[in-house]
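Inside the fold
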Amino acid sequence: MVSANFAEAARFADADFAEANFATADPAAAVPTRPEYLPSTVQGAVKILITGPFGVGKTTLVGSLSEIAPLRTEETMTAAGAGVDDLTGRPDKTTTTVALDFGRITLNPRLALYLFGTPGQQRFWPLWDDLSRGALGAIALVDARRIEESFDVLGRLEEQRIPFAIAVNSFPDSPSYPEEELRVALDLLPEVPILRCDARDRRAAYDLLIDFVSHLHSTSVLELPQ
Ligand SMILES: Nc1nc2c(ncn2[C@@H]2O[C@H](COP(=O)(O)OP(=O)(O)OP(=O)(O)O)[C@@H](O)[C@H]2O)c(=O)[nH]1
Ligand SMILES: [Mg+2]
């Protein structure tokens, strides 16, 4: 089954191709079920940043989207982080990203997206400049329970002039704010899309990515290889 979003975006994403990837890639499998090599038909590669504050679901999103086993740099959180790493609303979280997440998704036979997840904690932010260099756009995950924690990240994206979309990640006790309220609370320009997802759900993550890539395409940020 191809989602409505996906069908709409079919002019740049090859539905059959991506659906085949979806069917064969198993995010839970320790070993990927499809070849890790980039198809020889790929003519263009684009870097996309997956960013947001601590514990918002960046590593989860890269893992849900990647067709290869994602590269992760998770370290166990220790007592030294108590009082710094706020685990409210994320009781199961035991690790944190200390450098980056990396994944890849081939959107159609000609176009590959490289996904770079940033660390969430400010003490790892010196890595940000290297990670964001050359990124065509960013998906900024937001936890609606802790909106103010996103301000620094959004400020950085604006400073670096990286086009971005908001992805509101759904946690069980998240308030469901109307889009306009979120736009005001996050002080967003009208052209910044507000999307929603559950980062744990591969299909929802994929729909989010397609909406984001459609946005980059419609604003002429992304040109598609013919
Ligand atoms: N309910 C719900 N839980 C989620 C979602 N996305 C992530 N989680 C959970 O939230 C916790 C944090 O997820 P991570 O992916 O590690 O978050 P992160 O942004 O990479 O965290 P840092 O790298 O430490 O900043 C994990 O326990 C995930 O299972 C979501 O969309 N919904
Ligand atoms: Mg992480």
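Quick caveat: nothing in here was measured; it's all calculated off a predicted structure.

**Digging into the confidence of the model for the protein**
Looking at the protein as a whole, the pLDDT averages 83, with 77% of positions reaching at least 70. In the predicted structure, residues 1-10 sits below a pLDDT of 50 and forms 16 contacts with residues beyond four places in sequence or in another chain. Predicted confidence is poor over residues 29-33, with pLDDT under 50, and the contacts of this stretch with residues over four places away or in other chains come to 6 contacts.

**Re the site of ligand 1**
Inspection of the region around ligand 1 gives 22 residues, with Gly57, Thr59, Thr96, Thr97 and Gly120 positioned closest. Those elements giving two or more residues to the shell around ligand 1 turn out to be helix 3 (58-65) and strand 3 (95-97). Tallying contributions element by element places helix 3 first for the shell around ligand 1, with 3 residues. Class assignment of the residues belonging to the shell around ligand 1 gives a composition of 6 nonpolar, 10 polar and 6 charged.

**Regarding unusual backbone geometry**
If a residue is not glycine, its phi is most likely negative; likewise, a peptide bond is most likely trans. Phi at arginine 161 takes a positive value of approximately 55°, unusual for a residue other than glycine. Mapped onto the elements, arginine 161 comes out in the loop between helix 5 (151-159) and strand 7 (164-169). Since 6 C-beta atoms lie within 10 Å of it, arginine 161 is described here as exposed. With a phi angle near 65°, serine 220 is a residue other than glycine that sits in the positive phi range.

**Here we look at the packing of helix 3 against helix 7 (residues 202-218)**
Where helix 3 contacts helix 7, the two axes come as close as 9 Å, and the packing angle between them is 90°. As summarised for this structure, helix 3 and helix 7 are arranged roughly perpendicular, according to the angle between their axes. Here Leu61, Ser64 and Leu65 of helix 3 lie close against helix 7, whose contacting residues are Arg202, Ala205, Tyr206 and Leu209. Of the residues in the contact of helix 3 with helix 7, the class split is 5 nonpolar, 1 polar and 1 charged.

**Describing the sheet that holds strand 1 (residues 44-51)**
Pairing is mixed in the open sheet, where 6 strands are placed in the order 4-5-1-6-7-8. Each end of this open sheet is capped by a strand with a single partner; those strands are strand 4 (101-108) and strand 8 (194-197). The sheet shows a mean angle of 25° between the axes of neighbouring strands, direction not considered. Bridge count for strand 1 against strand 6 (residues 137-143) is 4 bridges, and the pairing is parallel.

What counts and how
Residues numbered from 1 in each chain as written. Chains lettered and ligands numbered in written order. Predicted model: local features only at pLDDT ≥ 70, side-chain atom pairs only at ≥ 80, totals over all residues. pLDDT = per-residue confidence, 0-100. Contact = placed C-beta atoms within 7 Å. Near = placed C-beta within 6 Å. Helix = DSSP H or I, 4+ residues; strand = E, 2+ residues; numbered from the N terminus. Nonpolar A, V, L, I, M, F, W, Y, C, P; charged D, E, K, R; others polar. Buried ≥ 20, exposed ≤ 12 C-beta atoms within 10 Å, placed from the backbone. Axes fitted to C-alpha atoms, helices over the stretch in contact; angles between N-to-C directions. Parallel < 35°, antiparallel > 145°, perpendicular 65-115°, else oblique. Pairing = 2+ DSSP bridges.

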